[in-house]
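These are the residues of each chain, in order.
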Amino acid sequence: MANPLDNRYMTQSPSAAAAADIDVGLRRYMLKVYNYMSVGLVVTGLIALLVSEHTELFNAVTYSPLRWVVIFAPIGFAMLFGFRIQQMRAVTAEILYWAFAAVMGLSLSYIFVLYTHASVARVFFITAGTFAGMSLYGYTTKRDLTSMGSFMVMGLFGLILAMLVNLFMQSAALYFAISLIGVVIFVGLTAWDTQKIKEMYSAGDAADVSTKKAILGAFQLYLDFINLFVMLLRLMGSRR
C-alpha cells in the first residue's frame, strides 16, 4: 500500500496556495505602480523637451501670468489625490494623473534650457539607478521604515522652508546645502514610500480600488523620482 506521505511535497496546503496567490497578485500590483510611474515620467519628459524647443511657448509658460498656474497646479493635484481619490472613479484618477504629469512637463521645461542635454541625460540615468536601488530595498526589507520615513517627512518640511528663505537670500551655499540634503531626503522617501505602497496591497480589493491604489502609489513614487532628479541635477548638471 502506498504511503500517502510520499506526496506531501507534491501538493501545496491551502495556506501555501493562498500565500502564492497573494505573492503573484502583489507582483502584478507593484508592476502596475511602476508602469504608471514610468509612463508618467515619459509624458513629463516629452512635454518638457517640446516646450523648451519652442521659444514662444517656453516664454508663455515661463514669463507670462500662466507661470503661476504652472507653479501652483501640481500642489492642487497633490491635494486632490490626497483628499479626494477615495471618492473618485478609477478612470477619473487616471485622467488626473496624466494631466498632472503633463503640467509637470510644463514646469520642468526650464531644465532643457538651463542645462545641457547630455548632462540632463547623465543625471537622469544616475537618478534612475539610485531610485531603483532604494525602491528595491524598500520592497524587500523586513525592517519597518516608518520611523525613518517620519524623520524624512520632517526633513522635507524643513527643506521647503529653506527653499522659501533662499528665494529672498539667493545664497549659493544654502542652495548647495538644500540640494545635498534634498538628495538624502528623497532617497529615504523612495524606500519608505515603496514599503507603504506594498503594504497598501490587498488581495481582496476590487479592480477599481486596486487601480486607484496603483495610481496613488505611482504618484508618490513619481514625486520622489522627480525631486531626486532635480536635486541631483542642481549638484551635477552642466549649465549651458
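Shown above is the structure to which this text applies.
Parameters at a glance
Throughout, a residue's number is its position along its own chain's written sequence, starting from 1. It should be noted that, the model being predicted, local features are given only for residues of pLDDT at least 70 and side-chain atom pairs only at 80 or more, the latter also being counted only at that level, while totals for whole chains, interfaces and linings use all residues. Excluded from the side-chain calculation are hydrogens and water; included are all heavy atoms of the structure. Per the convention used, a helix needs a DSSP run of H or I reaching at least four residues, while a strand needs a run of E reaching at least two, with both numbered from the N terminus. Three exposure classes are used, based on accessible area relative to the maximum for each residue type with a 1.4 Å probe and protein chains only: buried under 20%, partly exposed in between, and exposed over 50%. Only the protein chains shown count as cover for residues, and the accessible areas themselves come from Shrake-Rupley with a 1.4 Å probe. Residues scored as positive are Lys and Arg, those scored as negative are Asp and Glu, and His as well as the terminal groups of each chain are ignored. The atom standing in for a charge is NZ when the residue is Lys, CZ when it is Arg, CG when it is Asp and CD when it is Glu. Axes here mean lines fitted to C-alpha atoms, for a helix over just the part in contact, with angles spanning 0 to 180 degrees between N-to-C directions. Throughout, the term roughly parallel applies to angles under 35 degrees, roughly antiparallel to angles over 145, roughly perpendicular to angles from 65 to 115, and oblique to all others. Here is the rule for handedness: rotate from the far helix to the near one, and if that takes an anticlockwise turn smaller than a right angle the crossing is left-handed, while a clockwise turn gives right-handed. Any two residues whose heavy atoms approach within 4.5 Å are treated as being in contact. In this classification, the charged set is Asp, Glu, Lys and Arg, the nonpolar set is Ala, Val, Leu, Ile, Met, Phe, Trp, Tyr, Cys and Pro, and all remaining amino acids, among them Gly, are polar. The way it works is a 1 Å grid over only the protein atoms, where trapped points that fit a 1.4 Å probe form a cavity and open points with protein on both sides within 12 Å along at least five of seven lines form a pocket, and then any residue with an atom within 4 Å of a point lines it. Grid points are joined across faces, edges and corners, and a volume is the space filled by probe spheres set on the points. Among buried residues, the Ala, Val, Leu, Ile, Met, Phe, Trp, Tyr and Cys ones that are joined through side-chain atoms within 4.5 Å form a nonpolar core.

Visitor: Can you break down the overall build of the protein residue by residue, with the values?
Guide: Helix and strand content of the protein: 9 helices and 0 strands. Classification of the 240 residues of the protein by burial places 36% in the buried group. Total accessible area computed for the protein in this model is approximately 13600 Å², and 69% of it derives from carbon and sulfur atoms. Put simply, the protein has 17 plus and 12 minus side-chain charges, and the middle of one group is 5 Å from the middle of the other.

Visitor: Summarise the packing of helix 4 (residues 90-107) against helix 9 (residues 207-236); cite the residues concerned and give the values.
Guide: When two helices pack together, you describe them by how their axes are tilted relative to each other and by the distance separating the axes. Helix 9 packs onto helix 4 with a crossing angle of 15 degrees between their chain directions and a minimal axis gap of 9 Å. When the axis of helix 4 is compared with that of helix 9, the two are roughly parallel. Crossing of helix 4 against helix 9: the hand is left-handed. Between helix 4 and helix 9, the contacting residues are A90, A93, E94, Y97, F100, A101 and M104 on the first element and D208, T211, K212, I215, A218, F219, Y222, L223 and I226 on the second. Here the residues of the contact of helix 4 with helix 9 are counted per class, giving 12 nonpolar, 1 polar and 3 charged.

Visitor: Could you give me a rundown of the layout of surface pockets, with the residues and numbers involved?
Guide: A probe matching the size of a water molecule, rolled over the atoms, marks out where space remains unfilled. Of the volumes computed, that of the second largest pocket is approximately 370 Å³. For the second largest pocket, the lining is made up of 18 residues, of which L41, G45, L46, F112 and F124 are closest to its centre. Looking at the lining of the second largest pocket, the elements with two or more residues in it are helix 1 (14-53), helix 5 (111-114), helix 6 (117-140) and helix 9. When residues of the lining of the second largest pocket are assigned to their parent elements, the largest contribution, 7 residues, is made by helix 1. Looking at the lining of the second largest pocket, its residues break down into 15 nonpolar, 3 polar and no charged.

Visitor: Explain the environment of F186 to me, using residue names and the numbers behind them.
Guide: Of note, F186 is situated in helix 8 (residues 172-200). Along the backbone, F186 and L228 are 42 residues apart, and their C-alpha atoms lie at a distance of 5.6 Å. Once residues lying within four places of it in the same chain are set aside, the contact partners of F186 are L156, L159, D224, N227, L228 and M231.

Visitor: Describe the nonpolar core, and please don't skip the residues or the numbers.
Guide: One finds Y29, M37, F81, Y97 and Y222 to be the most contacted residues of the largest nonpolar core, which totals 54 residues. Of all the secondary structure elements, the ones that give two or more residues to this core are helix 1, helix 3 (66-84), helix 4, helix 5, helix 6, helix 7 (146-169), helix 8 and helix 9.

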